[in-house]
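# Secondary and tertiary structure notes
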Amino acid sequence: MRSTRGNERVTCSQAILRGLAPDGGLYVPEQFPEFTVEEIIGMSKMSYEERATEILSRFLPDFAREELQEAIHGAYGTGFDDPRIAPLTPIDANTFSLELWHGPTLAFKDMALQLLPYLLTMSAKKNGENREIFILVATSGDTGKAALEGFLDVPGTRCAVFYPQDGVSQAQRLQMVTTGGENTHVIAVRGNFDDAQSGVKKIFGSETFAKEMDAQGRVLSSANSINFGRLVPQIVYYFSAYADLLANGSIEPGEEINFSVPTGNFGDILAADYARRAGLPVGRLICASNSNNVLTDFINTGVYDILNRPFYKTCAPSMDILISSNLERLLFSLSGNDAEKTAELMHLLSSEKRYEIDMTMRTRLNALYACGYVDEARLKAEIGRQYRENHYLMDTHTAVASAVLNDYVHSSGDTRKNVIVSTASPYKFGPAVLSAIGEDVGDMDDFACCRKLSEVTGTREPDQIKRLPELPIRHTAVCERDKMPQALLDALKAR
Ligand SMILES: *Cc1c(COP(=O)(O)O)cnc(C)c1O
């Protein structure tokens, strides 16, 4: 593997252990494995775990097949409420929903964060790292709980999450503060998400803190989507969706399909791009955004511009993002693996808040990617439409992908089969989904909304939500935004 901003080469276990390259770039594979149509046909008879083993062993050559197999079984063997792990549900004759929310925290982050702890601890062992791996996370909601659940009681690891005290939903907060385990810490910050995020970045940058951790036998690491170890498990479900379509006869071997992906940090859709580069027959990747539509503008004009761009808080909060970190990996490949060019664009982004790509890069971009965005009203109308017309209940993020796909199909006339990547359970956003299907929410809390959603639609309320109000609160720490390092040290001492 190599960095997007330099020439240093590392093994994939080193890349996973480090997260970010020392030159500030992101690690990318230098060569992609090539899966033939025959090999993909072979996957149609396999379980999700077997498919994952085939794909990961080719993307992660310094891991033995047996150790990957064991890790994959640890990640997906329990904790999912559907034995297919990432089931593909038909919505209409041409459209399918790839449901990535059957894991323990009801959002697609589980697909990667259930496996990452295994990849990280194996990488540590391979590189002679004996210290405890201490994962720090700042979260706006979904990532925090998925990381806590993934690292829960994994030997040799510890996980601490900072969340903005008033910036997460009731269900999201309770999911985090009721987390069990002996190696988890959850701390509320008196501030917003940016305060929590910049506090965590400061801790990562502090030499004093690193020395203190080293003295305690610990080393800090990161679980966010810049880590290649989070990206690679996501490649699997694109192959899996294709294999399922082959298995049920919806497509012929080699036939191209489109994916519509609700996008924030560009990790999920980039994994689809990597699947295509490894041989998956992909037609178009449809990059779907909410009102925070910086990526729509970029794909349409070749200009990425965050200067004076308003930030909207929407009911699809996991896509409320202006700087999509994984776009750097796309720029690197669009430039023909030009590290100098990529570094230049990323420096322009931090100094000018704006960059523009050249015609060659634009042509490559537009050959594969389509895009679009929808506002709040359209998003809610789409949840209502899909429920009325197809009896399919979707969450707010999935609805963005669904509406943008609908626009794309109408404007392009593309007749290929389409897969909507469904990233969260509708029960994670109960009040918004309930009102979108035309029910009165009044002053009901998240839990009352979820109960009513189940009654009205006849869909099953997940146990993780149902049980939440009864679980004991285990994490009560709160800190000022400039006291995060001390809060962390206190939390470690208390255990
Ligand atoms: C994280 C997230 C997204 C965005 O995924 P990216 O990889 O950041 O583009 C979309 N939907 C949900 C529910 C998420 O949690």
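## Section: the packing of helix α3 (residues 48-59) against helix α11 (residues 228-247)
Two numbers describe a pair of packed helices, the interaxial angle and the distance between the axes. Two elements in contact, α3 and α11, have axes separated by 9 Å at closest approach and are oriented at 130°. One element, α3, and the other, α11, form an angle in the oblique class. For the element pair α3 and α11, the recorded crossing hand is right-handed. Contact residues: Y48, R51, A52, I55, L56 and F59 in α3; V232, P233, I235, V236, Y237, F239, S240, A243 and D244 in α11. Residues that form the contact of α3 with α11 fall into these classes: twelve nonpolar, one polar and two charged.

## Remarks on the pairing of strand β3 (residues 88-92)
Note that β3 and strand β4 (residues 95-99) share four bridges and pair antiparallel. Directly across from D92, in β4, lies its bridge partner T95. Where β3 hands over to β4, the hairpin turn is made up of two residues, counted between the paired strands.

## Topic: the pattern of salt bridges
Tallied over the entire structure, the rule returns 28 salt bridges. For the salt bridge of R65 with E54, the shortest nitrogen-to-oxygen distance reads 2.5 Å. With a gap of eleven residues between them, R65 in helix α4 (residues 65-76) and E54 in helix α3 connect regions that are remote in the sequence. Accessibility expressed as a relative area gives 35% for R65, which makes it partly exposed. On the basis of relative accessibility, which here comes to 22%, the residue E54 falls in the partly exposed class. Among the ionic contacts, a cluster of salt bridges with common partners joins D81, R460 and D463.

## Focus on empty space enclosed by the protein
Tallying each qualifying case throughout the model produces two cavities of 30 Å³ or more. Put simply, the largest cavity is a space of about 50 Å³. Lining of the largest cavity is provided by T263, G264, S289, N290, N292, V294, L295, M319, I321 and S324. Taken together, the residues of the lining of the largest cavity break down into four nonpolar, six polar and no charged. Taken as a whole, the second largest cavity holds about 40 Å³ of empty space. Contributions of two or more residues to the lining of the second largest cavity are made by α14 (327-334) and α15 (339-352). Here the element with the most residues in the lining of the second largest cavity is α14; it accounts for three residues. A class-by-class count of the residues in the lining of the second largest cavity yields seven nonpolar, two polar and one charged.

Cut-offs used in this document
Residues numbered from 1 in each chain as written. Predicted model: local features only at pLDDT ≥ 70, side-chain atom pairs only at ≥ 80, totals over all residues. Heavy atoms only, no water. Axes fitted to C-alpha atoms, helices over the stretch in contact; angles between N-to-C directions. Helix = DSSP H or I, 4+ residues; strand = E, 2+ residues; numbered from the N terminus. Parallel < 35°, antiparallel > 145°, perpendicular 65-115°, else oblique. Left-handed = near helix turned anticlockwise from the far one by under 90°. Contact = heavy atoms within 4.5 Å. Nonpolar A, V, L, I, M, F, W, Y, C, P; charged D, E, K, R; others polar. Pairing = 2+ DSSP bridges. Salt bridge = Lys/Arg side-chain N within 4 Å of Asp/Glu carboxyl O. Buried < 20%, exposed > 50% of the residue type's maximum accessible area, 1.4 Å probe, protein only. 1 Å grid on protein atoms, 1.4 Å probe; cavity = no way out; pocket = protein on both sides within 12 Å on 5 of 7 lines; lining within 4 Å. Points joined across faces, edges and corners; volume = space filled by probe spheres on them.

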